[in-house]
Amino acid sequence: MENFRVSTNRQELDVPLIHRFLAEDSTWARGIPRTTVERAIQHSLCFGGYVEGSQVAFARVISDYATFANLVDVFVLAEFRGRGYGKALMEAVMSHPQLQGLRRFTLATADAHGLYAEFGFTSPLKPQSLMERYFPKIYEVDVL
């Protein structure tokens, strides 16, 4: 894994790759418009994971950098999974200086509970206090 590198430099991000993954391969953002991805990147702390100069992983954090953060859009391209890149990406996220001392750090996952548990994430202590507005198919277009 010595050839895996994580960077928060937005200039290095492969936006077409990120958009393609989210719009076509993710379970959470299918059909997301590229302009939405670009706006989300612009207003977030983004982590790109690279092997030999090519992006193979991504994570995005939305935060006020004082009290709260939400981790979203985490992925490793399928052909690079199983090599520890997801864990290395999470180590970079969790050790980032601007994300220290937060009162709450949240995320949602369908199938990576084990990975996130390694970094201290648990089910909400008081789920009855959490609410959301959630539109899971907001980017999907009805096809006749």
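It should be noted that the structure appears before, not after, this text.
Cut-offs used in this document
Residues numbered from 1 in each chain as written. Predicted model: local features only at pLDDT ≥ 70, side-chain atom pairs only at ≥ 80, totals over all residues. Heavy atoms only, no water. Phe/Tyr/Trp six-rings, centres within 6.5 Å; stacked < 30°, edge-to-face > 60°. Buried < 20%, exposed > 50% of the residue type's maximum accessible area, 1.4 Å probe, protein only. Helix = DSSP H or I, 4+ residues; strand = E, 2+ residues; numbered from the N terminus. Polar contact = N/O pair within 3.5 Å; in protein donor to acceptor, adjacent residues only side chain to side chain. Core = buried A, V, L, I, M, F, W, Y, C linked by side-chain atoms within 4.5 Å. Contact = heavy atoms within 4.5 Å. Pairing = 2+ DSSP bridges. Right-handed = clockwise from strand over helix to strand, strands pointing away.

Colleague: Any chance you could explain the packing of aromatic side chains here in plain terms?
Modeller: What describes a pair of aromatic rings is the distance from one ring centre to the other and the angle between the planes of the rings. Under the counting rule described, the total for this entry stands at 7 aromatic pairs. Measuring from centroid to centroid gives 6.3 Å for Phe 21 and Trp 28, while their planes differ by 50°, and the two rings are tilted. On the basis of relative accessible area, Trp 28 is assigned to the partly exposed category, the value being 33%. An angle of 15° between the planes, with centres 3.9 Å apart, marks the rings of Phe 21 and Phe 75 as stacked.

Colleague: Help me understand the side chain of Gln 55 in this model?
Modeller: As for its placement among the helices and strands, Gln 55 is situated in strand β3 (residues 54–63). Gln 55 sits in the buried class, given a relative accessible area of 5%. Within the local environment of Gln 55, its side chain forms a polar contact with the backbone nitrogen of Asp 14, the two atoms lying 2.7 Å apart. Side-chain polar atoms of Gln 55 contact the backbone oxygen of Ala 57, separated by 3.0 Å.

Colleague: Would you take a moment to explain the nonpolar core for this structure?
Modeller: Where a protein is soluble and globular, its nonpolar side chains tend to be buried together. Ranked by internal contacts, the top residues of the largest apolar core, which has 41 residues, are Phe 47, Val 61, Leu 99 and Phe 105. Those elements that place two or more of their residues in this core are α1 (15–25), α2 (34–42), β2 (45–51), β3, β4 (68–76) and α3 (85–95). With residues near it in sequence (within four places) discarded, Phe 47 still touches Val 6, Ser 7, Thr 8, Ala 57, Phe 58, Ala 59, Val 61, Leu 89, Ala 92, Val 93, His 96 and Leu 99.

Colleague: What exactly am I supposed to notice about α1 here?
Modeller: Because each turn of an α-helix spans 3.6 residues, side chains separated by three or four positions in sequence point in the same direction. Within the span of α1, buried status applies to Val 15, Leu 17, Ile 18, His 19, Phe 21, Leu 22 and Ala 23. On its buried face, α1 sits against α2, β3 and β4.

Colleague: Sorry, what's going on with the pairing of β2 here?
Modeller: Across a regular strand the side chains alternate sides, sitting on one face of the sheet and then on the other. Judged by how many residues are buried, β2 sits mostly within the fold: 7 of 7 residues are covered. Across the two faces of β2 the burial is the same, with Leu 45, Phe 47, Gly 49 and Val 51 and Cys 46, Gly 48 and Tyr 50 all buried. In terms of strand pairing, strand β1 (residues 4–7) meets β2 through 4 bridges, oriented antiparallel. Among the inter-strand pairings, Arg 5 is bridged to a residue of β2, identified as Tyr 50. Inspection of the sheet shows β2 paired to β3 by 7 bridges, in the antiparallel sense.

Colleague: What exactly am I supposed to notice about the pairing of β4 here?
Modeller: Bridge analysis of β3 against β4 gives 6 bridges, and the strand direction is antiparallel. Pairing of Arg 60 across the sheet is with Val 72, part of β4. Count of turn residues in the β3/β4 antiparallel hairpin: 4 residues, of which Tyr 65 carries a positive phi of about 60°. With 4 bridges connecting them, β4 and strand β5 (residues 104–107) associate as parallel partners. In the strand pairing of β5, Ala 69 is matched with Phe 105. The β-α-β motif built from β4, the intervening α3 and the parallel element β5 has right-handed crossover chirality.

Any functional reading would require information beyond the geometric quantities listed.
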